[in-house]
Amino acid sequence: MVGFIIRVLIVALGLWVAAHIVPGIHYSSDEDLLIAALLLGLANAIVRPILVVLTFPITIITLGLFLLVINGLMLELVAFFFHGFQVHDFLAAVLGAIVVGLTGWVASWFIGPSGRVEAYRR
């Protein structure tokens, strides 16, 4: 459970960074940001795998770049269902998805699969 909460906080951090960097992404309050992060996690767990399977040929042809479009669609989906988080256009959604993905990637260097901060020693 701790790992899940840490992952939601990492996504919320990514959304916060995206809202400050990417024009066109806004949120109303910190609580709305946490709810949007939770909804994005649910959308990525339920809807995204279906879209990835359905668009597999396009993903192969574009050498995986179409996954950026799918990630942008997930942000648009969260903004559509939750009014405390707004994404104004599709370009902002794709750029925001890139920022959220990079934030999660950097955070995964420090957070292990169990959700604990890990230190590696040689």
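To be clear, the structure that these remarks concern was listed above.
Chains are numbered independently. Their residues run from 1 in the order of the written sequence. Local features are withheld for residues below a pLDDT of 70 in this predicted model, meaning they are given only at 70 or higher, and side-chain atom pairs are given and counted only at 80 or more; totals for whole chains, interfaces and linings count all residues. Calculation of side-chain values draws on the structure's entire complement of heavy atoms; hydrogens and water are dropped beforehand.

A.B. asks: An account of the overall build of the chain is requested, with residue identities and associated values reported.
C.D. replies: Comment: elements are numbered from the N terminus, with helices defined as DSSP H or I runs of at least four residues and strands as E runs of at least two. Of regular secondary structure, the chain possesses five helices and two strands. Atoms considered for the radius of gyration are the C-alpha atoms alone. The globule rule reads 2.2 Å times the number of residues to the power 0.38. Relative to the compact-globule value of 14 Å for 122 residues, the chain shows a C-alpha radius of gyration of 15 Å, a close match. In terms of overall dimensions, the chain has a C-alpha envelope of 40 × 35 × 25 Å along the principal axes. Burial classes follow relative accessibility: with a 1.4 Å probe on protein chains only, a residue under 20% of its type's maximum area counts as buried, one over 50% as exposed, and anything between as partly exposed. Within the chain, buried positions represent 34% of all 122 residues. Taking all contacts inside the chain whose residues are at least 6 apart in sequence as the whole, residues at least 24 apart take part in 62%. The accessible surface values rely on the Shrake-Rupley method and a 1.4 Å probe; as for residues, cover is taken only from the protein chains in view. A total accessible area of about 7800 Å² is found for the chain, and carbon and sulfur atoms account for 75% of it. In this charge count, Lys and Arg are treated as positive and Asp and Glu as negative; neither His nor the chain ends contribute. Where a charge lies is defined by one atom per residue type, namely NZ (Lys), CZ (Arg), CG (Asp) and CD (Glu). Side-chain charges in the chain split into 5 positive and 6 negative, and the spacing between the mean points of these groups amounts to 23 Å. In this description, contact between two residues means that some pair of their heavy atoms is separated by no more than 4.5 Å.

A.B. asks: Now, about a nonpolar patch on the surface: what can you tell me, with residues and values included?
C.D. replies: For patches, a residue must show more than 30% relative accessible area and have no salt bridge; joins then use 9 Å for like charges and 5 Å for nonpolar side chains, namely Val, Leu, Ile, Met, Phe, Trp and Tyr. By definition, a salt bridge exists where a carboxyl oxygen of Asp or Glu is found within 4 Å of a side-chain nitrogen of Lys or Arg. A cluster of nonpolar residues, Leu 65, Leu 68, Leu 91, Leu 95, Ile 98, Leu 102, Trp 105, Val 106, Trp 109 and Phe 110, forms a patch on the protein surface that exposes about 980 Å² of accessible area. Element by element, the count of residues in the nonpolar patch is highest for helix H5 (residues 90-108), at six residues. Residue classification places Ile 98 among the partly exposed positions, given a relative accessible area of 32%.

A.B. asks: Describe the nonpolar core, listing the residues and the values that go with them.
C.D. replies: Side-chain atoms within 4.5 Å link the members of a nonpolar core, which is a set of buried Ala, Val, Leu, Ile, Met, Phe, Trp, Tyr and Cys residues. Membership of the largest hydrophobic core comes to 24 residues, with the highest contact counts inside it found for Leu 15, Ile 25, Leu 40, Leu 75, Phe 85 and Val 87. At the level of secondary structure, the elements contributing two or more residues to this core comprise helix H1 (2-21), helix H2 (30-54), helix H4 (66-81), strand S2 (85-87) and H5. Setting aside residues no more than four positions away along its own chain, Val 87 makes contact with Gly 24, Ile 25, Leu 75, Glu 76, Ala 79, Ala 92 and Ala 93.

A.B. asks: Describe unusual backbone geometry, naming the residues involved and giving the relevant values.
C.D. replies: Of note, the phi angle at Leu 63 is positive, near 55°, even though the residue is not glycine. With respect to the helices, strands and loops of the structure, Leu 63 is situated in the loop between helix H3 (56-61) and H4. The exposure class of Leu 63 is exposed, given its relative accessible area of 77%.

A.B. asks: Got a sec to walk through the packing of aromatic side chains? Specific residues and values, please.
C.D. replies: To describe a pair of aromatic rings, one takes the distance between the centres and the angle between the planes. A pair of Phe, Tyr and Trp rings is counted when the ring centres sit within 6.5 Å of each other, with Trp represented by its six-membered ring. The angle between the planes then sorts it: under 30 degrees is stacked, over 60 is edge-to-face, the rest tilted. For the coordinates displayed, the defined rule picks out two aromatic pairs. Summarising the aromatic geometry, the rings of Phe 80 and Phe 81 are spaced 5.1 Å apart at their centres and angled 80° between planes, so their arrangement reads as edge-to-face. Residue Phe 80 is classed as exposed on the basis of its relative accessible area, which comes to 58%. The exposure class of Phe 81 is exposed, given its relative accessible area of 60%. Taking 5.2 Å as the distance between ring centres and 65° as the angle between the ring planes, the aromatic pair formed by Trp 105 and Trp 109 counts as edge-to-face.

A.B. asks: I'd like a rundown of H4, residues and numbers included.
C.D. replies: By definition here, a helix of n residues has an expected span of 1.5 Å times n minus one. Along its 16 residues, H4 runs 23 Å from first to last C-alpha, staying within 8% of the 22 Å computed at 1.5 Å per residue. For H4, the set of buried residues is Ile 70, Gly 72, Met 74, Leu 75, Val 78 and Ala 79. On the buried face of H4, the contacting elements are H1, H2, S2 and H5.

Worth remembering: the numbers are spatial, not functional.
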